[in-house]
Amino acid sequence: MKGRLLKLKEAHKNNGVSSFCSILWDLQAQHLVTSSAADSTLSIHDLSHTSKPPKILSHHKDGVTALALSPNSTCLASGSVDHSVKLYKFPGGEFQTNVTRFTLPIRALAFNKSGSLLAAAGDDEGIKLINTIDGSISRVLKGHKGPVTGLSFDPNSEYLASVDSIGTVIYWGLCSGEIIHTLKGVAPDLYSEDSVLNILSWSPDGEILAVPGLKNDVVMYDRDTAQKQFSLRGDHRQSICFLSWSPNGKYIATSGLDRQVLIWDVDRREDIDRQKFDDIICCMAWKPIGNALAVIDVMGRFGVLESTIPLSMKSPTDGASSLRSKNSNGLLLFDEEDQVPDISGTSSDIGEDNFGESEPVSRKRLRKKTEFDDNLDENTNDHGALLPMVEVRKKGSLNHKEMLIDKNDNLGFRTATTSQRLKMQESFQPGSTTVQAGKRHFLCYNMIGCITTIEHDGYSHIEVDFHDSGTGPRVPAMTDYFGFTMASLNENGSVFGNQCKGDKNMSTLMYRPFSSWENNSEWSMRFEAEEVKVVALGTGWVAAVTNLNFLRIFTEGGLQKHVLSINGPVVTAAGFKDELAIVNHASHCLPSNDQMLEFKIFKIYDATQSFCGPLPLTPGSCLTWLGFSEEGQLSSYDSKGVLRVFTNQYGGSWLPIFSSSKEKESEKNYWVVGLNTSKLFCVVCESPDTFPPVTPKPVLTLLNLSIPLASSDLGAGDLENEFMLNNLYLSQILKRIDEMSASGFDTTLLDDEAFNIEAALDKCILRLIAACCNGDKLVRATELVKLLSLDKSVRGAIKLVTALKLPILAERFNGVLEERLLNETRGTVGNQNPTSGTAFAHVAHKALPAADQFPSPLFSKHDKEEVPAKVGGEKKKTDSVVDMGSMKNEAHQVNLHRPSNPFATNQERQERATAGRQKMETDGVVGPGKTKDGENQVMFHRPSNLFAKASSIDEEKAQEKAKVGGQIESNSVDGIGQVQFHRPSNPFAKASTNQEGKQSLLDSIKKMKKVDTLGKR
Amino acid sequence: MAGQSDPHLSLFSSAEVEFLAEDETVEIVPNMKMDALNFLCGDYGPFYPQITTEVPLWLAVALKKRGKCTIRPPQWMSVEKLTQVLEAERDSPREFQPLPFHYVEISRLLFDQCQFLFIDNSARDDIPDMYMVRSLIEDIRNVRFHKVETGLETISARTHAVKLKNLSAMEVNIVRPFVVRTLQAFYKHDSPQMIQHPDRMANRQPQVADRGPRRDLRRR
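Residues numbered from 1 in each chain as written. Chains lettered and ligands numbered in written order. Predicted model: local features only at pLDDT ≥ 70, side-chain atom pairs only at ≥ 80, totals over all residues. Heavy atoms only, no water.

1. Section: the overall build of chain A
Regarding its fold elements, chain A presents 19 helices and 51 strands. Taking all 1017 residues of chain A together, the buried fraction comes to 55%. A separation of at least 24 residues holds for 52% of the contacts in chain A among residues at least 6 apart in sequence. Approximately 44700 Å² of chain A is accessible, and the part contributed by carbon and sulfur atoms is 52%. (Helix = DSSP H or I, 4+ residues; strand = E, 2+ residues; numbered from the N terminus. Buried < 20%, exposed > 50% of the residue type's maximum accessible area, 1.4 Å probe, protein only. Contact = heavy atoms within 4.5 Å. Areas by Shrake-Rupley, 256 points an atom, 1.4 Å probe, with all protein chains shown as cover.)

See below:
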C-alpha cells in the first residue's frame, strides 16, 4: 500500500470547505453510502454497476452529518444539521419517515446489534434511543456536557458508549439507562474542529472499546471495568479523528489529523501499513466481505483501498464475527416483505422477537451470498468459510454470556451443551488447583502446608512448604521425573501419584516420609494397566483409589495391607488420623444435572466402616472439597458454596454450616482449606477466579460458620446461629467423650471443654430469652429455659424476666426450676442426653427405685420460698437410700445437667417422668439391680469423673462439714456434689447476685442433710 | 524554611517521631504458630501460620527481621490509592487528603526494614510496584509540603492561629517550631503587651514557648 496513491473520487461538493463526511458499506459490499455535512444529499453508489450514477437522496434541508445502516442492511438512517433523523429503505432509498427531531444538529447515529434501537445524538444535551419499530423514543440518556459526536452500541447489547467533543466517554447500561462509567478527558478535545468529530468504537467481539487518546494514540478500554488496557501508539503526529475495526477485530484502521491512515494489528499492537492523503480522512469503513477499506476525506472525496491488509497476513474478515447472522429483521417496518408493523412490539420484546425470526433471515442471506459468489470472485474463500464460522461464534457466545437465545434457533446447541454439562464429575484431589501453563500450581494445600509443582523442560519441580516454618520439617525441593499430578500431605509425609500418560508411563504412587530413622525410607508402587485417581494420607497409612475402583491401603512403610473394591468411580478422598473418607459416584447424573455421590468413612486401624451413605450436594453443583475439620468431622464443600459437616445426629446426617451466598461479599469465591468448630479457613478469591495462584502466597481468611437459618421474626439470627452451632459442637464432644470413656481413656480435658461449651450455650440461650421477651415470644422463651443446662442459668433467666417485668414468665420459669430440682433429686429425668438414647431412661428409672418409696412432695403451690425446703426434704429421702449405690446416683444426677433434648417438649418429658414414676411404683422394688448397674457404670464413667473434680473443688466445705458431723460420709460429699455441681468458673457474672440465693439454698440443703445423717446415726 | 534545616528546632527528632509511629498497627501473616503475646500495650495474637493478624509495627518489624512473618502492606499503600491521593492533592491546593497520621514514617519503616516486603507479597514481576509506591509517597510528601509552605506564606500580623487539617505527624513536626515562633514574633511586634502572654503560656507548655523566645533573644 505504501507508495500507492489512491485516487479519490468526488462524491459531494464541499466547495472547498472541509467538512465532516461519512461513508459506509452495506452488508453485501454492493453499495457504498456517502454523505457530507456540507451537502444536503446522500449518495448510494452501486459498486456492481460502476457506470451508473449514484442514487441521490435529497430529503434533508441541510448538510448530512451522520449515517447509519441497520445491521441487516434494510434500513438507512441519516441525521442532519436540519435537526432531523430520517429513515430510508435500503438499498432502494425510498424515504420512510422522520423518525425524530432534535433542537440542534445531529452529530451521531448508531443502530444496535439487532437493529431494534437507533441511538441519535448531537448538539442537544441528551442521547435519544429510538425504537425503530414504532418510532417511539424509548429513552433519553443525559449526562454529556458537550455535543455528543460518537456513539457505539456494544455488540453484546449491554452497553452504549458515547463520546462528546470535549473528550468525555460515557458507558451507559442499556437496561437501566444509567451511566456505568464516565471517563473524563480521555479523548482529544475537538470542540474547535468542525470538520472532524470524536469517535469511539467497540471491537466486534465487544470486549474492548477503542477511543482516540490524548497522545495521538488509540486507547483500548475494558468492556466491563472501563479500565485502560493498552494503547496503540505509532506514527500519528496529530490526534486521531476516526477509527474503524476490521470485521474480525484483528485490525484497526485509524486516520489522524495529520492526513494519514494507519492500519494496526491489534494483537501485536503495531502498525502494519500507512497511507498518506491530501486531506484529512474523516471517515472509513471496512468492506464487510473481502480485504478493502473505503475512505472519505473532508472534501467529500471517497475511494476504496483494495487489499488493505498485506496478502501475507490474515484477511480482515477471516474469522469475522457472525454480525450478519445474529442480526435479524427486527425492523419489521422495513422488512422486504413489507409486513405489517408489529404494533405490540416494545423495545424490550424486540430482543426476543428478532431472534425468533433470525433463522429464515439468515437462510435468505445465505442464498443471497451464493448468488453473490458468482459475481464477486475475489472472496470465494471467505464465503466458504463463513457458514461454519457463524456457528462457531454462536456457540462461543452462548457459553460466554448468557444471551437471549431463541429455542427454535438454537435448540441444537442447547441440547449439546446440556449433555455436556451432565457429565459425571471428574476425580479431584482436595486442595489442588488446575494446571496453568508456565505457572506453579498446587497439588495439595491444607492447614499444614502445601505441595506445589511446575513443569519445566519436560520435568516437574515439586516443592513442599509448611505454613509453620518453625516446627515443620524442611523438605528439599524435588525434581519429579514421573510428572505427578496429585499429592497429599500431612505432618509425617507426603504421597504422590500420577496418571498414566500413554503406554510408556505407568501410573506410580510414591510416599516420602519427612523424618524416618531409616535413610532411604521412601517407597513407590507401580500399577500395570491401572491408574491412580486419588490419594489420601493418614497417620501410619496411605490410601490410593484407582480407575479399577480399587481402594488400596498401604502402611507407612509400604506394606500392601488391604485392597478393597468400591462401588463406583471415585471422586475424591481425604484422610485424618485413622479415618479415611472416600466419595464415589453412586450412579449416573440425574437429568436435573445433579451428581449422585456417596461417601464412606473407614477406620483404618480396626478395618471397619463407620458410616456410609449418599453425599448431599446443592442442586446443580458438584463437589469441590472434602476434608476433615480440626476436630475430625468430615466436611464437604460444593461448587455452589455450601459447606456441610457430617454429624451423628439423626443417625448420621450432613448439616449445612456455611453458605457463601449468605456472605456479604457475594463477588468473592471461597476456596476452602479447612475448618474448626466455629471458623472456616479459606482463601478468598476475587471472582471470576475460583482458586488462588501459588504466588503471591495465599493468605487464609477466617469466616464464621453460619447455618443457613430462615430469617425469623425474632431478629436474632446471630444468636440462633450460635445456639445451633454450640449445640452441634456439644453433641460432637459428648460423642467423643462417650467413645473415649468407652475405650477407657481419661476424658478430663474433654469434660472441661464440654462444660465450657455448656456455659457458652447457656449464655447464648439467656440472650435468646432476652430477645424473645423483647419480641413478646413468651412460649419460645419458656422452651428456651428448659434447654438451659445449669441451674444457675435458670435462676439467671428468672432474674432476667423479673427485671423485664414479666411476672407470668417468671412464675413459669420458677415452675421449670422446681421441676428441674425435683427431677434432679429423683434422678428420673432420663433421656436428656441426646447421645444416650431412650433406653437409658428406663435404666435410670430402674437403677433408682429408691425415690418412690417416699411419697413425692406435692407441688401444689408454686411458691419460690418453699423450693429449698422441698428440695431439702426430697434430698433427705433420696440420701437415705442412696447409700448403697451412691456412685451411680451421682452419675445420674450429674448427667441431668446435660442439655435436654432441644426438641423434646416439656410435655413429653413430664409424661416420661410420670411414666417412670408409675413404673417405679408398680415395681416397688428396693435395691438396685446389679446387672444394670454394670452398664450404667460404663456409661457414666465420664460424669462421675466430672463429679470427682467438682467435689475436689468443694473439698474445703466437705472438710468443714466433716468437723461438724464428726465423720466424713460418702453421701455428704455426694450431697454437695449433687447440688453444688456448678464450677467456680462462673460465666454468668451478671447473674452473680443469684449466688446468694443459691448459697442459702445450698446451706439449707446441707443443714437438712446433716440433721438427717446425724439423726440416722 | 527555618525549622527544616535545623533539626534542633524540631521538638522531636525524626527518629523520635518514627518511634512514636511504631505503635501503629499493621497486618502480618505469620509463618509460625505462637500463643498470644501479652504486652503492656495490649494482647496480640495468637499467631497461626498463614492467617493474618494485627500487631504494632515494631513487633511486625521485629518478627520480620527474624523471618517469622510477612507484612501485608496497608490498604492505602497501593499504587491505585496513592495515585488517587496524589491527584487529589494536586487538584486541591488548599486542603490535605486524609492519610494515616504517620504515613511518612510507616512507609519509611516498611521500605527500610523490609526491603523484600513487596517481593514476598507478590510475584517477582511486581517489584516495579515497590518503586512506584515509593516514588508516589515521595511525590505526595513533596506536594503536601509545598502546600504547607505556600500556606505559611500567608501568615501575617492578623493571623491568630493556623489550622491545618489532615496534616501528618512528620509534617507537623517540621513546621511546628517555625509556626509557633512566627506567630509569637507577630504578636510581639504587633502589641508589646502581648509578649507577656506567650511567656505565661510558657509555663504550661514549657517546650514550645520556652525555646522560641529564648532563641530569638540569643540571635539578636
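2. A few points about the side chain of Lys86(A)
All names here are of chain A. Inspection of the secondary structure puts Lys86 in strand β8 (residues 84-89). Buried Lys86, no salt bridge; nearest opposite-charge side chain is Asp82, N-O distance 4.9 Å. Polar contacts involving the side chain of Lys86 include one to the side chain of Asn98, which spans 2.9 Å. Among residues more than four places away in sequence, those in contact with Lys86 are His59, His60, Leu76, Ala77, Ser78, Phe95, Thr97, Asn98 and Val99. (Lys, Arg positive; Asp, Glu negative; His and termini not counted. Salt bridge = Lys/Arg side-chain N within 4 Å of Asp/Glu carboxyl O. Polar contact = N/O pair within 3.5 Å; in protein donor to acceptor, adjacent residues only side chain to side chain.)

3. A closer look at the confidence of the model for chain A
Residues and elements named next belong to chain A. Confidence along chain A averages 73 in pLDDT terms, with 70% of residues attaining 70 or more. Across residues 322-421, confidence stays below pLDDT 50; counting only partners more than four residues off in sequence or on other chains, it has 119 contacts. This model gives residues 829-998 a pLDDT under 50, and the stretch forms 260 contacts once residues within four places in sequence are excluded. (pLDDT = per-residue confidence, 0-100.)

4. Brief notes about the pattern of salt bridges
All names here are of chain A. Overall, the coordinates contain 28 salt bridges over all chains when judged by the stated rule. Across the pair Arg223 and Glu158 runs a salt bridge, and its minimum N-O distance is 2.8 Å. With Arg223 in the loop between β20 (217-222) and β21 (228-233) and Glu158 in the loop between β14 (148-153) and β15 (159-164), this residue pair connects regions lying 65 residues apart in the sequence. Judged by its relative accessible area of 0%, Arg223 falls in the buried class. Ionic contacts of the salt-bridge type, sharing partners, join the residues Lys250, Asp265, Asp267, Arg268 and Glu270 into one network.

5. Observations concerning the packing of helix α9 (residues 791-803) of chain A against helix α10 (residues 807-826) of chain A
Residues and elements named next belong to chain A. Where α9 meets α10, the closest approach of the two axes is 9 Å, and the angle between their N-to-C directions is 165°. On the basis of the axis angle, α9 is roughly antiparallel to α10. Considering the relative orientation of α9 and α10, their crossing is left-handed. The residues of α10 that touch α9, namely those facing Asp791, Val794, Arg795, Ala797, Ile798, Val801 and Thr802, are Leu809, Ala810, Phe813, Asn814, Leu817, Arg820, Leu821 and Glu824. Of the residues assigned to the contact of α9 with α10, the class counts are nine nonpolar, two polar and four charged. (Axes fitted to C-alpha atoms, helices over the stretch in contact; angles between N-to-C directions. Parallel < 35°, antiparallel > 145°, perpendicular 65-115°, else oblique. Left-handed = near helix turned anticlockwise from the far one by under 90°. Nonpolar A, V, L, I, M, F, W, Y, C, P; charged D, E, K, R; others polar.)

6. A look at the environment of Arg440(A)
Residue and element names in this part refer to chain A. Position of Arg440 relative to the elements: it lies in the loop between α5 (407-421) and β29 (441-445). Residues Arg440 and Ile462 lie 22 residues apart in sequence; the distance between their C-alpha atoms is 9.2 Å. If we ignore the near neighbours within four places in the chain, the residues touching Arg440 are Thr452, Thr453, Ile454, His461, Glu463 and Val694. Of note is the side chain of Arg440, whose polar atom sits 2.9 Å from the side chain of Thr452. There is a polar contact of 3.4 Å between the side chain of Arg440 and the side chain of Glu463.

7. Topic: α10(A)
Here α10(A) contains 20 residues, and its C-alpha end-to-end distance of 28 Å stays within 8% of the 28 Å for a straight helix at 1.5 Å per residue. Of all 20 residues in α10(A), 16 are buried; the element is thus mostly enclosed. (Expected span 1.5 Å × (residues − 1).)

8. Thoughts on a nonpolar patch on the surface
Residues and elements named next belong to chain B. The grouping of Phe12, Phe19 and Leu20 at the surface amounts to a nonpolar patch, some 310 Å² of accessible area in total. Relative to the helices and strands, Leu20 is located in helix α2 (residues 14-21). The class of Leu20 is partly exposed, set by a relative accessible area of 42%. (Patch = residues over 30% accessible without salt bridge, like charges linked within 9 Å, V, L, I, M, F, W, Y side chains within 5 Å.)

9. Side note on the sheet that holds strand β19 (residues 208-212) of chain A
Residue and element names in this part refer to chain A. Judged by pairing direction, the sheet is antiparallel, and its four strands sit side by side in the order β18-β19-β20-β21 without closing on themselves. Here the strands that pair on one side only, and so sit at the sheet edges, are β18 (201-202) and β21. Of the pairings in the sheet, the one linking β20 to β21 comprises five bridges and is antiparallel in character. Within β21, the residue paired with Val219 across the bridge is Ser231. (Pairing = 2+ DSSP bridges.)

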